[in-house]
Amino acid sequence: MRLITPRDASGVLTGLGLVHGRPAIAYATDATIMGGAMGSEGCRRIVDAINAALTDRMPVLGLWHSGGARLAEGVEALDAVGHVFTAMVRASGKVPQISVVLGPAAGGGAYGPALTDVVVMGPAGRVFVTGPDVVRSVTGEQVDMEMLGGPDTHSRSGVVHVASESDSEALRDARFLTSLLGHRGHFSAVNDSADLSRFLPPQANRAYDVRPLVREIFDGASVELQPKWAPNIVIALGRLGGHAVGVIANNPIRKGGCLDSPSAEKAARFVRMCDAFGVPLVVVVDVPGYLPGLTQETSGVVRRGAKLLHAFAESVVPRATLVTRKIYGGAYLAMNSRALGASAVFAWPGAEVAVMGASAAVNILHRKKLAAAPDDSREELRASLVAEQVRVAGGVARALELGVVDEVIAPSSTRSRLAEALAAAPPGRGAHGNIPL
Ligand SMILES: CC(=O)SCCNC(=O)CCNC(=O)[C@H](O)C(C)(C)COP(=O)(O)OP(=O)(O)OC[C@H]1O[C@@H](n2cnc3c(N)ncnc32)[C@H](O)[C@@H]1OP(=O)(O)O
């Protein structure tokens, strides 16, 4: 790497170099000078680095350890930090911006990373609006920096996408993400015939962790983003057939895989990020619906769930859906349905596509009939009503007839069929920024 600006009192270094063989720009706040606090000159350097990345269409990495705006510079520093924010937003969706937080990052040092596409945090990273002293004096809360803004806190808040075990791992993760978002590559044929259905339990109603299945979709290394926030949905980046792809999957081991407010937001932002950088999507679906209840309604599940509908319907990247087990109701639409513009919709044999599970539907439709049945024949009646409901609702057969599912595929051809579908769809890249939803 070549330094563009020298190490000096500005407290910001910028450099140009290669990440996985491709040019990238980096800036870093210098923790040895006023704790990396940002003055007007340092902010100018960050703005210049982002603008240069924008001009040359290069990814930009920011390394953060900063007490935010320099207190002695007062409003001049505040204004300068505002210009950094504006530069980040101008570049948003045009060039990948990856942040690595390696130490305390307060105020402008916190919102800077939050405006970028992905935030990686090292073990000593701390992100907060104000430090523990101010918190104590304003709210009386006794918290230390780690509790307030450490990797554990921000893995759960969703502020941090990747919490790395060490600083060197954080940098390695950031390089990997930079290459995925900045260098998408080309699709080539996938020839393996791994049976991905081995990750599903034999019993249709049994919960399971979808992450091993998600990892297996990629060619090799992948990175899961925000694994501890809204874990009922999984988002991950890697390559399929050599091309960068994003995978979104319901995770039945958490909340039965239901969609809810945070998981819809998490997925929506990921869809928009992938769309902005031309990264195709694979959507792995096994979802019983939106989580019902008062808590969800008061948390704005309708408003926040709508973000996912909007994100998919707006996106122009190739996007393939795979229904592994079941897809019901409103969640059917939200998980990259044909109606929202999916490039391809596949289902594994036996997958259920319905407004509601057949047993639940029978309980509603035939409540009186079941209640009136003699005790010793009720279960027999229920079974025949369920079979009738499956037949009438149509399941995958009806979905195929309507064209909302394209094809039932063998689990062993999943990777090759997904790669073919993404490669065959017209490539696209959304013309929008990546607002932190
Ligand atoms: C838009 C905005 O950014 S507004 C926000 C303005 N910034 C803030 O409110 C945060 C102020 N800083 C802090 O609360 C603390 O320094 C923390 C929590 C960030 C870090 O705490 P610690 O790791 O204990 O480091 P410490 O407080 O010793 O700071 C390290 C050095 O950086 C200096 N420093 C830290 N923040 C700033 C700042 N914003 N401006 C100028 N100097 C600063 C400290 O004075 C100290 O200098 P010294 O080594 O010469 O004594």
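Cut-offs and rules
Each chain carries its own residue numbering, running from 1 in the written order of its sequence. Reporting in this predicted model follows two pLDDT cut-offs: at least 70 for local features of residues, and 80 or more for side-chain atom pairs to be given and counted; totals over whole chains, interfaces and linings ignore these cut-offs and use all residues. Only hydrogens and water are removed before side-chain values are computed, so all heavy atoms of the structure are retained for them. Classification of residues uses two cut-offs on accessible area relative to the type maximum, computed with a 1.4 Å probe and protein chains only: under 20% is buried, over 50% is exposed, and between them is partly exposed. Counting from the N terminus, the helices are DSSP H or I runs at least four residues long and the strands are E runs at least two residues long. The patches reported here contain residues having more than 30% relative accessible area and no salt bridge. Joining distances are 9 Å for like charges and 5 Å for nonpolar side chains (Val, Leu, Ile, Met, Phe, Trp, Tyr). The accessible surface values rely on the Shrake-Rupley method and a 1.4 Å probe; as for residues, cover is taken only from the protein chains in view. Salt bridge, as applied in this entry: a Lys or Arg side-chain nitrogen positioned within 4 Å of an Asp or Glu carboxyl oxygen. Working rule for helices: expected span equals 1.5 Å times residues minus one.

S.K.: If you had to explain unusual backbone geometry to someone new, which residues and values would you point to?
M.R.: A positive phi angle, near 50°, is found at Gln226, a position not held by glycine. A residue is classified by how much of its surface remains accessible, and Gln226, at 7% relative accessible area, is buried. The backbone of Lys255 shows a phi angle near 50°, a positive value even though the residue is not glycine. Mapped onto the elements, Lys255 comes out in the loop between strand 11 (243-250) and helix 9 (261-276). For Lys255, a relative accessible area of 46% translates into the label partly exposed.

S.K.: Explain a nonpolar patch on the surface to me, using residue names and the numbers behind them.
M.R.: A contiguous nonpolar patch, built from Val355, Met356 and Ile364 and spanning about 300 Å² of accessible area, is present on the exposed surface. Its location among the elements puts Met356 in the loop between strand 15 (352-354) and helix 13 (358-365). Owing to a relative accessible area of 34%, Met356 belongs among the partly exposed residues under this scheme.

S.K.: Now, about helix 7 (residues 167-182): what can you tell me, with residues and values included?
M.R.: Along an α-helix, residues three or four positions apart point the same way, because every turn accommodates 3.6 residues. For helix 7, which comprises 16 residues, the first-to-last C-alpha distance of 22 Å matches the rise-based estimate of 22 Å (1.5 Å per residue) to within 8%. Among all positions of helix 7, only Ala170, Asp173, Ala174, Phe176, Leu177, Thr178, Ser179, Leu180 and Leu181 are buried.

S.K.: For the environment of Gly185, give the residues involved together with the corresponding values.
M.R.: Within the secondary structure, Gly185 sits in the loop between helix 7 and helix 8 (211-217). On the basis of relative accessible area, Gly185 is assigned to the partly exposed category, the value being 21%. Each C-alpha atom of the pair Gly185 and Arg239 lies 8.9 Å from the other, and the pair is 54 residues apart in sequence.

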